[in-house]
Amino acid sequence: MTISSGSHSRRSSRTPRSAAESRRRSQAGLAARALLLAAVLGGLAVALAGDDRSDSPNAEPAGVEGPLDLDRSELLGFVKQGFRGRTDFSRHEVPLSDFVPAGPPRNGIPAIDEPRFVSVRQAERFLSPPEPVAVVELGGKARAYPLQILVWHEIVNDRVAGRPVAVTYCPLCNSTVAFSRSLGGRTLDFGTTGVLRNSDLVMYDRQSFTWWQQLTGEGVVGQLTGRRLKPLGSQILSWRRF
């Protein structure tokens, strides 16, 4: 196999997979907690799951139980309980009525922190040539994050070429956007709020508990309302093209 990190082209010879190999590949694809990220680091490496980090050692429980027969405003009220005392809801650039509870509570879809890496050979066990991956290039290095994993986590707090990066994916929009996690002299870490706006993922940062729109990178509720995250080059490619 030869790999070019510049053009992302790849040539390889493969033999048909056995039934056992096919089953193993299927099982690997369903292992949501085992994050496997393909990455080019000078040569090429592939990332394996990191840890799911809570907001702080003394963080309140993310979930807030409530009845299911409530209207939209009441459901949003239950979501807001998970941010009580942390997010400044008096500051917002869009109407709070724009937000729709997505089902899971805050961090109910857990972001990935500090991803680990595995070899390309291991990635080949579960990545087929046409499978989509989110690709981020920075500082001459490239990493590919399989959508089969991102769909379970939606956010990866990573470092590429030494720079803090958030790789985000909204399954409803099929949108992948990467941002710099550096803002105003500090590094932000992101998690999921449990709400949507215009059917798009709404993130929050664990430092200020500001809510951020995934497609635009704009702070829409909270302390950093009106600020924007710096977007980084990213795209969705097939594993073959990467």
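The model shown is predicted, which means the values in this text are computed figures rather than measured ones.

**Focus: the pattern of salt bridges**
Scanning the entire structure with this criterion turns up five salt bridges. Salt-bridge contacts for Glu 218 lead to Arg 228; the nearest nitrogen and oxygen are separated by 3.3 Å. Of this pair, Glu 218 sits in the loop between β17 (211-213) and β18 (219-221) while Arg 228 is found in the loop between β18 and β19 (231-232), placing the two residues 10 residues apart along the sequence. Taking the relative accessible area as the measure of exposure, Arg 228 reaches 49% and is therefore partly exposed.

**Some details on the side chain of Ser 208**
Mapped onto the elements of the fold, Ser 208 is located in the loop between β16 (200-205) and β17. Classification of Ser 208 by relative accessible area gives buried; the value is 4%. There is a polar contact of 2.7 Å between the side chain of Ser 208 and the side chain of Thr 210. With residues up to four places along the chain from it excluded, the contact list for Ser 208 reads Arg 86, Arg 186, Gln 223 and Leu 224.

**What about the sheet that holds strand β6 (residues 112-113)?**
On the basis of which strands lie adjacent, the open sheet formed by five strands has the order β6-β10-β11-β12-β19 and mixed pairing. Edge positions in the sheet fall to β6 and β19, since each has one partner strand and no second.

**What about the sheet that holds strand β5 (residues 99-101)?**
On the basis of which strands lie adjacent, the open sheet formed by five strands has the order β5-β15-β16-β17-β18 and antiparallel pairing. What marks the edges here is a single partner per strand, and that holds for β5 and β18. In this sheet, adjacent strand axes meet at a mean angle of 50 degrees when their direction is disregarded. For β16 and β17, the ladder comprises three bridges, and the chain directions are antiparallel. Across the sheet, residue Met 203 finds its bridge partner in β17, namely Trp 212.

Parameters and conventions
- Residues numbered from 1 in each chain as written.
- Predicted model: local features only at pLDDT ≥ 70, side-chain atom pairs only at ≥ 80, totals over all residues.
- Heavy atoms only, no water.
- Salt bridge = Lys/Arg side-chain N within 4 Å of Asp/Glu carboxyl O.
- Helix = DSSP H or I, 4+ residues; strand = E, 2+ residues; numbered from the N terminus.
- Buried < 20%, exposed > 50% of the residue type's maximum accessible area, 1.4 Å probe, protein only.
- Polar contact = N/O pair within 3.5 Å; in protein donor to acceptor, adjacent residues only side chain to side chain.
- Contact = heavy atoms within 4.5 Å.
- Pairing = 2+ DSSP bridges.
- Axes fitted to C-alpha atoms, helices over the stretch in contact; angles between N-to-C directions.

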